[in-house]
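# Examining the three-dimensional arrangement
Residue-level listing of the chains:
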Amino acid sequence: MTVFELYCYLEERIPAALRAEWDHDGLSCCPDRSRRASRVLVALDLTEQVAEHAVRNCFDVILTHHPLLFRGIQALVDEGTVGKKLLRLACNGVAAMAFHTRLDAVTGGVNDLLAERIGLSDVQPFGPAGEVACGRIGMLAVPVKASDLALTVKKALDVPAVTLSGGGTVQRIAVLGGEGGDYVSAARAAGADLFLSGNVGYHRALDAPEEGMAIIEAGHYATEFPICARLAEWVKEADPTVTVEIMPTRTAVMI
């Protein structure tokens, strides 16, 4: 399977039609689309360490959730973090591809995995009116205290701590990995007792409980990193002969 064939396979599975208008994911670096994709490195972010690891270990493709060219660049020169990484990859023949908001929205993507991790059933998409529904909302088997669900999330996502705003008994749960501030109102409108996201922002977390919905913030990285294993599975389904490695990129730690 070539680099471009792998991209086309993944794009068919994660359609561009699900991508937010402001997003810039896709095939961001492709020095040779006919190069065989024998070794694929999967990560949440294309950090400098990921780029270096890919070059040193002769990977053909870096596959990430967050796009390298999210904000774009004005010139391809050896300065700035994005320009340096692009040149490093291009000069060594390494392709980079990302599937961002469409991977949030697609069936089996980021938010279906998050819902699965915390044991939701009857899961349905939700989102702000007029937008692709990236979020998921579903039911716990039985009502639980919000504080008990917070402990479940902490264990399920293997994080040292989560932030709980509000309390009470909850059963109808909305989830959105990553930055969820823009989905707070939609989660409440969908009837959620609690909204789980990576981060929603101080004021939204402050106001939501007063409006009848608790909030759990578990961190951007932790709520999205599980998708890396799913991406690795999809690469192996495309071509079982491909060697796939998942590289963690968590850089911030609690001290």
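Heads up: the structure comes first, above all this text.
A brief report on the enclosed structure follows.

### A look at the nonpolar core
Counting 27 residues, the largest nonpolar core has Leu 63 and Leu 103 as its most contacted members. The set of elements that each furnish at least two residues to this core consists of helix H1 (3–13), strand E2 (39–43), strand E3 (61–64), strand E4 (95–98), helix H5 (110–117) and helix H10 (227–238). Per element, the largest residue contribution to this core is seven residues, and it comes from H10.

### Focus: the sheet that holds strand E10 (residues 214–217)
Read from one edge to the other, the open sheet built from six strands follows the order E5-E6-E8-E9-E10-E7, with strand pairing classed as mixed. The sheet terminates laterally at strand E5 (121–126) and strand E7 (163–165), the two strands that pair on one side only. This sheet shows a mean twist of 25° between the axes of neighbouring strands, independent of strand direction. Looking at chain direction, strand E8 (residues 169–179) and strand E9 (residues 194–199) are connected through five bridges and run parallel. The residue bridging Leu 176 from the neighbouring strand is Ser 197, located in E9. Together, E5, strand E6 (135–145), E8 and E9 form the strand contacts of H5, whose direction differs from that of E8 by roughly 145°.

### Let's talk about the side chain of Asp 239
With respect to the helices and strands, Asp 239 occurs in the loop between H10 and strand E11 (243–246). Asp 239 sits in the buried class, given a relative accessible area of 10%. Apart from the residues lying within four places of it in its own chain, the contact partners of Asp 239 are Met 1 and Arg 36.

Procedures and definitions
- Residues numbered from 1 in each chain as written.
- Predicted model: local features only at pLDDT ≥ 70, side-chain atom pairs only at ≥ 80, totals over all residues.
- Heavy atoms only, no water.
- Core = buried A, V, L, I, M, F, W, Y, C linked by side-chain atoms within 4.5 Å.
- Buried < 20%, exposed > 50% of the residue type's maximum accessible area, 1.4 Å probe, protein only.
- Helix = DSSP H or I, 4+ residues; strand = E, 2+ residues; numbered from the N terminus.
- Pairing = 2+ DSSP bridges.
- Axes fitted to C-alpha atoms, helices over the stretch in contact; angles between N-to-C directions.
- Contact = heavy atoms within 4.5 Å.

Shape is all these values report; function is a separate question.
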